[in-house]
Amino acid sequence: MNKFSIDKLKNLTLDDVKNIAQDVAINVKPKNDTEKRVHEALSNQNWGASSTLMQEIAKDTFDYEKYPQITKLIWQALDSPGRAWRSVFKGLSLLEFLVKHGSERVIEDARDHTHRLRLLLNFSYSDGGVDRGQGVRDKARQLVELLSSNETIREERQKAQALRNKFSGISNDSYSYGGGGGGSYGGSRYDGFGSDPRGAASYSDRFSG
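Below you will find a few notes about this structure. Everything numeric in this text was worked out from a predicted model, so none of it was measured.

**What about the packing of helix α5 (residues 67-78) against helix α7 (residues 104-112)?**
Their axes nearest at 12 Å, the elements α5 and α7 cross at an angle of 35 degrees. For the crossing formed where α5 meets α7, the hand is right-handed. Each of Y67, T71 and W75 in α5 lies in contact with α7, whose residues at this interface are R105, V106, D109 and A110. Each residue belonging to the contact of α5 with α7 can be placed in one class, and the counts come to 4 nonpolar, 1 polar and 2 charged.

**Some thoughts on the pattern of salt bridges**
Per the stated rule, a full pass over the model turns up 10 salt bridges. The residue K100 makes a salt bridge to E96 at a minimum N-O spacing of 3.8 Å. On the criterion of helical spacing, the pair formed by K100 and E96 is a turn pair, its members being 4 residues apart in helix α6 (residues 85-101). On the accessibility criterion, E96 (13% relative accessible area) is buried. One salt bridge in this structure joins K139 and E96, with 2.9 Å as the shortest N-O distance. One end of the pair, K139, is in helix α9 (residues 134-147); the other, E96, is in helix α6, with 43 residues separating them in the sequence. Here K139 and E96 have matching classes, each one buried. One network of salt bridges, with partners in common, ties together E96, K100, K139, E156 and K159.

Reading guide: rules and limits
- Throughout, residues of each chain are indexed from 1 in the direction in which the sequence is written.
- Where totals are concerned, whole chains, interfaces and linings use all residues; where local detail is concerned, this predicted model gives features only for residues with pLDDT of at least 70, and gives and counts side-chain atom pairs only at 80 or more.
- Values shown for side chains rest on all heavy atoms present in the structure; no hydrogens or waters enter the calculation.
- Angles here are taken between N-to-C directions and fall from 0 to 180 degrees, while the axes themselves are lines fitted to C-alpha atoms, restricted in helices to the stretch in contact.
- Secondary structure elements are taken from DSSP: a helix is a run of H or I of four residues or more, a strand is a run of E of two residues or more, and numbering for both begins at the N terminus.
- Crossings are sorted by hand: turned counterclockwise from the far helix by less than a right angle, the near helix makes the crossing left-handed, and turned clockwise it makes it right-handed.
- Working rule for contacts: check all heavy atoms of both residues, and any pair within 4.5 Å makes them a contact.
- Any residue that is not Ala, Val, Leu, Ile, Met, Phe, Trp, Tyr, Cys, Pro, Asp, Glu, Lys or Arg is counted as polar, Gly included; the first ten are nonpolar and the last four charged.
- Salt bridge, as used here: a side-chain nitrogen of Lys or Arg that lies within 4 Å of a carboxyl oxygen of Asp or Glu.
- Using a 1.4 Å probe on the protein chains alone, a residue whose accessible area is under 20% of its type maximum counts as buried, one over 50% counts as exposed, and one in between counts as partly exposed.

Now the structure itself:
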């Protein structure tokens with residue numbers, strides 16, 4: 001390492017080091033199809049994720065091996081530096097979608113990290129004099145408000161279930177994200193989170209009355 005490189009390292013601020021570490025995390029090559037889908041949904045590119053892609057990720061949240069892969073990448077995206085504001089916004093959007101369409105475990109996980117979501121209420125980043133943080137702040141506020149109301153979550157999950165049934169032609173009794181096999185959430189493994197992988201129905205039963 002030459003003197004120029006050493007001097008450059010000495011001049012790095014804590015924020016510089018944090019940005020470098022986050023850039024490395026963002027650019028890590030996906031290890032499997034699950035991570036590939038989430039990386040695509042959280043891309044810092046100027047386009048949004050398709051509804052089909054989001055539904056595939058929601059389905060993956062019912063698999064106990066895939067679930068931590070998904071949430072790890074989401075929380076990494078939410079910790080991205082300001083210049084990656086698109087990834088932050090997409091991370092919030094994906095998390096909101098999963099609260100409505102994914103495993104119930106997403107709801108509890110998001111609530112456990114509410115303090116991190118509240119930090120984004122003050123997210124700030126300007127690009128050429130344009131405030132790029134407004135969308136992030138608004139989405140963070142919407143998500144925090146959603147997580148604070150069991151009734152709203154229940155209603156949103158019921159709407160999501162009805163919409164899926166409308167387009168799939170599958171009844172509530174036969175619809176299942178979880179599927180068979182040891183990979184899906186079961187009541188004995190995650191009691192109260194995914195004992196009924198149909199999504200809205202189980203959350204409605206849990207908080208009814």
